[in-house]
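# Observations on the model geometry
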Amino acid sequence: RRASWNPHHPHGILVASGADVLSHDVRRPSHGRGALAIRAAHRLGVADVSHDHSREHLVLTSGMDGVVKFWDWRMHLHSVRTSPSSSSWSSSSSSKIPRCD
């Protein structure tokens, strides 16, 4: 499992579990109910999850499928951008990383 504390809301945490990403408020036990979720975020499972530190509505995930996805909580949990497979990146091609402007 991977987790990311929300830098914009001190009681919020994202947890990656298998192929899903769950959002929790640690002040309230959710027991899987009522938690905002990105289901099947990655085909082979979520490797890592992170909040965007400058935009509170953006979340980034990387998957075991080699793909990085950018999610917007305001867009009904649809991926708004997807990177190319990591196998097509090289250390000199960091400019290929999509911008979220």
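Let me begin by describing the structure that accompanies this report. No experiment lies behind these values; they were computed from the predicted model shown. (Residues numbered from 1 in each chain as written. Predicted model: local features only at pLDDT ≥ 70, side-chain atom pairs only at ≥ 80, totals over all residues. Heavy atoms only, no water.)

Attention now goes to the sheet that holds strand β8 (residues 79-82). Reading across the sheet, the four strands line up as β5-β6-β7-β8 and stay open at both edges, with antiparallel pairing between neighbours. Because the sheet does not close on itself, it has two edges, and the strands there are β5 (46-51) and β8. Direction aside, neighbouring strands of the sheet carry axes that sit 25° apart on average. Relative to β8, strand β7 (residues 68-72) runs antiparallel, the two being bridged by three bridges. Bridge pairing links W71 to S79 in β8. (Pairing = 2+ DSSP bridges. Helix = DSSP H or I, 4+ residues; strand = E, 2+ residues; numbered from the N terminus. Axes fitted to C-alpha atoms, helices over the stretch in contact; angles between N-to-C directions.)

In any sheet, the strands associate via hydrogen bonds between backbone groups, in a parallel or an antiparallel arrangement. Read from one edge to the other, the open sheet built from four strands follows the order β1-β2-β3-β4, with strand pairing classed as antiparallel. The sheet is open, and its two borders are formed by β1 (2-5) and β4 (36-38), each paired with just one other strand. Direction aside, neighbouring strands of the sheet carry axes that sit 20° apart on average. When strand β3 (residues 20-25) meets β4, the two strands line up antiparallel, connected through three bridges. When the sheet's bridge partners are listed, V21 is paired in β4 with I38.

The next point concerns the nonpolar core. L14, A16, V21, I38, A41, V46, V49, V59, W71 and W73 form the largest nonpolar core, which has ten residues in total. Sorting the residues of this core by element identifies β2 (12-17) and β5 as the ones contributing at least two each. (Core = buried A, V, L, I, M, F, W, Y, C linked by side-chain atoms within 4.5 Å. Buried < 20%, exposed > 50% of the residue type's maximum accessible area, 1.4 Å probe, protein only.)

Now for unusual backbone geometry. Notably, A40 is not glycine yet its phi reads approximately 55°, a positive angle. Its location among the elements puts A40 in the loop between β4 and β5. According to the relative accessible area criterion, A40 is exposed, its value standing at 56%.

This brings us to the pattern of salt bridges. Scanning the model with the defined rule gives five salt bridges in all. When the shortest N-O distance is used, the salt bridge between R27 and D25 registers 2.7 Å. Between R55 and D52 there is a salt bridge, and its shortest N-O distance comes to 3.5 Å. Using a relative accessible area of 12% as the deciding quantity, one classes D52 as buried. Three or more residues joined by partner-sharing salt bridges are found here, namely D25, R27 and R28. (Salt bridge = Lys/Arg side-chain N within 4 Å of Asp/Glu carboxyl O.)

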